[in-house]
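# Tertiary structure, described
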Amino acid sequence: VELKTGDTENVVTIVGDVVLELRSTTGIDDMQMTADRAVIFTDPGSIRDMASGNIESQNIRGIYLEGNVLVDSNHGAYLVRSPQAYYDFTTDNAMLAEAVLRTYAMQGTVPLFVRAKEMRQVAINQWTAEGVQVSTSSFATPDLAISSSSIKLTEQPNGNMSIESTHNTLRM
């Protein structure tokens, strides 16, 4: 663990089996992030607060994760795997490279796997992606999939998943 304090932000660098747990006040938006390496960007503060290992979530500006990244949000409702990820807590946006998102459609009854060259979380209930393959199969090469140049997934208030996509191809 390396700690660097500054006038504008603090930086915590962690190498080896990183587990970050972010707890919300409601418990609904809890998130667990694991990776081989992490860089955490926080508001400026004392090194004693940083060294304790308990950083208040409202003080975290962003987290960069690298190596076997796994993000579990809303108790498994959203599960993302990626070699690299960055989450910006000031905007609630995320960017992931070569990502696989598992979520559920049809009010949580049908698994939905979205693989993408680049994936972004643009809102708490919305993802966009480029170079996409969508399937209900967890296999990397499913029997049936829809490929798209770009896609937008939005979870509706009733639990249904809305999907908008461009340049679609059905793979069988």
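Refer to the structure printed above.
In what follows, the accompanying structure is described. None of the values given here were measured: they were computed from a predicted structure.

## Considering the packing of aromatic side chains
Scanning the entire structure with this criterion turns up 2 aromatic pairs. Taking the centre distance of 4.6 Å and the plane angle of 55° together, the rings of Tyr87 and Phe89 count as tilted. There is no split in this pair, since Tyr87 and Phe89 are both buried.

## Re the nonpolar core
Counting residues in each nonpolar core, the largest one holds 36 residues, and the members touching the most others are Met33, Ile63, Leu65, Leu101, Val114, Met119 and Trp127. Put simply, the parts of the chain that give this core at least two residues each are strand S2 (10-22), strand S3 (31-42), strand S4 (60-73), strand S5 (78-88), strand S6 (93-105), strand S7 (110-123), strand S8 (126-135) and strand S9 (145-155).

## Quick look at the side chain of Asn10
Residue placement: Asn10 occurs in strand S2. Residue Asn10 is classed as buried on the basis of its relative accessible area, which comes to 1%. One polar contact links the side chain of Asn10 to the main-chain amide nitrogen of Gly6, over a distance of 3.2 Å. A distance of 3.3 Å separates a polar atom in the side chain of Asn10 from the backbone oxygen of Asp43.

## With respect to the side chain of Ser73
Along the chain, Ser73 falls in strand S4. If we skip the residues at most four places from it in the chain, Ser73 touches Asp30, Met31 and Tyr78.

Reading the values: the criteria
Residues numbered from 1 in each chain as written. Predicted model: local features only at pLDDT ≥ 70, side-chain atom pairs only at ≥ 80, totals over all residues. Heavy atoms only, no water. Phe/Tyr/Trp six-rings, centres within 6.5 Å; stacked < 30°, edge-to-face > 60°. Buried < 20%, exposed > 50% of the residue type's maximum accessible area, 1.4 Å probe, protein only. Core = buried A, V, L, I, M, F, W, Y, C linked by side-chain atoms within 4.5 Å. Helix = DSSP H or I, 4+ residues; strand = E, 2+ residues; numbered from the N terminus. Polar contact = N/O pair within 3.5 Å; in protein donor to acceptor, adjacent residues only side chain to side chain. Contact = heavy atoms within 4.5 Å.

Function cannot be inferred from these measures alone, as they are strictly geometric.
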